[in-house]
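Structural characterization, general
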Amino acid sequence: MILEMSNIKKHFEDCEVLHDISLNVDSGEVVSIIGPSGSGKSTLLRCATFLEKIDSGTIKYEGQTIAHTPDGEKPIYLPKKEMVKVKSYFGLVFQQFNLFPHFSVLRNVCDAPINVQKRNKEEVEEKGRELLAKMGLADKADAYPFQLSGGQQQRVAIARALALNPDILFFDEPTSALDPELTGEVLKIIRQLAEEKMTMVIVTHEMSFARAVSKRVIFMDGGYIVEQGDPEKVFGDPSEERTKQFLRNYQQ
Amino acid sequence: MSLLTMILKMAEGLSKTCAIFFLTLLFSLPLGMIVALLRMSKDKVVSSVTRFVISVLRGTPLMLQLLAVTYGPYYLFGISVSRNKLIPVVIAFSINYAAYFAEIYRGGIESMAKGQYEAAAVLGYTKTQTFLKIILPQVIKRIMPSITNEVVTLVKDTSLAFTVSYQEMFTIGKQIANSQTSFTPFVVAGVFYFVFNAIVDFGMGKIEKSMQYYK
Ligand SMILES: Nc1ncnc2c1ncn2[C@@H]1O[C@H](COP(=O)(O)OP(=O)(O)OP(=O)(O)O)[C@@H](O)[C@H]1O
Ligand SMILES: [Mg+2]
């Protein structure tokens, strides 16, 4: 198991956003998370990537406990020093790309492996160029983010996440900020990664993409996992009324 | 007194004017960052005390602060006023400008999108790395126009050193004006400041240009 999240609870002020959510992701698995706005999909990813602190529950990567609440009280995270290593287990691709505008494309991809993981600069840059080539951006290594289209920026962001050699990649609506004609190029890359057996968790509103690419689909609503399973089953013949309703609204 | 001797005498004071200018920048730019960080501290006491100090420094005349730093130690503790007035002058200027720079830094830092911090956090950068590598360079680019404004003001403000009779260019000019009952020294001073600021503008423009490779 690459990721094990169990009984995760999270609230903001007085509103409970995640109620006792559990999510396990196996190596090579591609999991899509769908659900209406405000259902807690982003919050779940943000808890998994430690951008938000959980209220209670357990988060394990590679079997190693990173956060837990042993006495049901405050969550205990690994000390900061060890978190640096933990952060190389996963990557996160944001809806808004969040590239560093003052770094060239190549530096965006290579800076963290060099300065965080302390890997060899030449090696990292060689790998960085390979990754960019794979993203169809071989000629953009020296460009700056503002010179790229949204689709190109998102592909740089994917390369940046991959450069750290993560075991699992999270995507939070990777194409929602893109013009329709640019979503295809990003989805194509994700599909390609799926074929290479990259472990991924993808929050998306692209239903046909989710259906095609994932091994498992999770439908979230109101901070609960309402239904999950094989995409053909969840999309084709959902067992929960809420899921049916959501998918029906979506088709309109 | 001929115009030329007037100019030469005043030009002698220019080195002191420059000393105030450069030393003030040297101390106030970093000090301003420390003040800004204190101002943004999560500790309520630290941030409100800093906020109060900033508002006093910005809300009272620099001239008054100059007098306070130069003569305050004598009136309060009987410490004799130092012969070299450059020290109190630079201290007063540095503290005052640090307050202004602090607010500019704070504005710049607070205007940064949350996404930059989050991207850095996920990639494993430490807080310090994030600030120095990711946030600060972008903040500097963003606040450069405001910094330039302050630097231009500083050039003109150096003339305030006359209040403690520090022998910089304007003080000398004022003395000549008094003894010769002439207005000419003020015209000369005006030209000096104008040329000084033209050079500053050029330099700051170059720095701003050097950061235009990204948006
Ligand atoms: N920082 C925050 N402070 C307070 N409330 C928050 C915060 N972040 C999220 N929420 C609330 O938590 C709930 C879940 O938000 P979340 O962003 O996880 O939903 P989502 O499923 O990702 O929705 P969307 O499809 O619109 O992205 C929402 O009601 C939101 O208003
Ligand atoms: Mg979301």
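The structure we're discussing is the one just above.
Values in this document were obtained by computation on a predicted structure and should not be read as measured data.

**Concerning the packing of helix α1 (residues 3-39) of chain B against helix α8 (residues 184-210) of chain B**
Residue and element names in this part refer to chain B. As a packed pair, α1 and α8 sit with axes 10 Å apart at the nearest point and diverge in direction by 45°. As judged from the angle between their axes, α1 and α8 are oblique. Regarding α1 and α8, the two cross each other, and that crossing is right-handed. Of the residues in α8, those in contact with Leu 3, Met 6, Ile 7, Met 10, Ala 11, Leu 14, Thr 17, Cys 18 and Phe 21 of α1 are Thr 184, Pro 185, Val 188, Ala 189, Phe 192, Phe 196 and Val 200. Looking at the contact of α1 with α8, its residues break down into 14 nonpolar, two polar and no charged.

**So, the interface of chain A and chain B**
In this assembly, 24 residues from chain A lie in contact with 18 residues from chain B. Contact with chain B buries surface across chain A, with Phe100(A), His102(A) and Phe146(A) losing the most and accounting together for 30% of the total. Where chain A meets chain B, there are two salt bridges. Between Arg46(A) and Glu118(B) there is a salt bridge, and its shortest N-O distance comes to 2.8 Å. Scanning the region where chain A abuts chain B turns up nine residue pairs in polar contact (both at pLDDT 80 or more). Looking at the side of chain A that touches chain B, the elements with two or more residues in it are β7 (90-93) and α3 (105-115) of chain A. Top element by residues in the side of chain A that touches chain B is α3(A). It accounts for four residues.

**Regarding helix α9 (residues 241-251) of chain A**
Residues and elements named next belong to chain A. Where α9 is concerned, the buried positions are Thr 243, Phe 246 and Leu 247. Relative to the axis of α9, the buried residues are bounded by an arc of 95° and lie together on one face. Against β3 (30-34), α7 (207-213), β10 (216-221), β11 (224-229) and α8 (231-236) lie the buried residues of α9.

**Overview of the nonpolar core**
Residue and element names in this part refer to chain A. In this structure, Tyr 61 and Phe 170 are the most contacted members of the largest nonpolar core, which totals 99 residues. Leaving out residues up to four positions away in the same chain, Tyr 61 has contacts with Ile 2, Leu 3, Ala 48, Phe 50, Ile 66, Tyr 89, Phe 90, Ile 168 and Phe 170. Core analysis: the second largest hydrophobic core is formed by 39 residues, Leu 148, Ala 163, Leu 178 and Val 186 among them.

**Focus: the pattern of salt bridges**
Scanning the entire structure with this criterion turns up 14 salt bridges over all chains. Salt-bridge contacts for Glu125(A) lead to Lys121(A); the nearest nitrogen and oxygen are separated by 3.9 Å. Placement of both Glu125(A) and Lys121(A) in helix α4 (residues 121-134) is noted, with a separation of four residues, approximately one turn of the helix. Using a relative accessible area of 25% as the deciding quantity, one classes Glu125(A) as partly exposed. Within the structure, one salt-bridge network assembled from shared partners comprises Arg46(A), Glu52(A), Lys114(B) and Glu118(B).

What counts and what doesn't
Residues numbered from 1 in each chain as written. Chains lettered and ligands numbered in written order. Predicted model: local features only at pLDDT ≥ 70, side-chain atom pairs only at ≥ 80, totals over all residues. Heavy atoms only, no water. Axes fitted to C-alpha atoms, helices over the stretch in contact; angles between N-to-C directions. Helix = DSSP H or I, 4+ residues; strand = E, 2+ residues; numbered from the N terminus. Parallel < 35°, antiparallel > 145°, perpendicular 65-115°, else oblique. Left-handed = near helix turned anticlockwise from the far one by under 90°. Contact = heavy atoms within 4.5 Å. Nonpolar A, V, L, I, M, F, W, Y, C, P; charged D, E, K, R; others polar. Buried area = accessible area lost by both parts, 1.4 Å probe. Salt bridge = Lys/Arg side-chain N within 4 Å of Asp/Glu carboxyl O. Polar contact = N/O pair within 3.5 Å; in protein donor to acceptor, adjacent residues only side chain to side chain. Buried < 20%, exposed > 50% of the residue type's maximum accessible area, 1.4 Å probe, protein only. Arc of directions from axis to C-beta. Core = buried A, V, L, I, M, F, W, Y, C linked by side-chain atoms within 4.5 Å.

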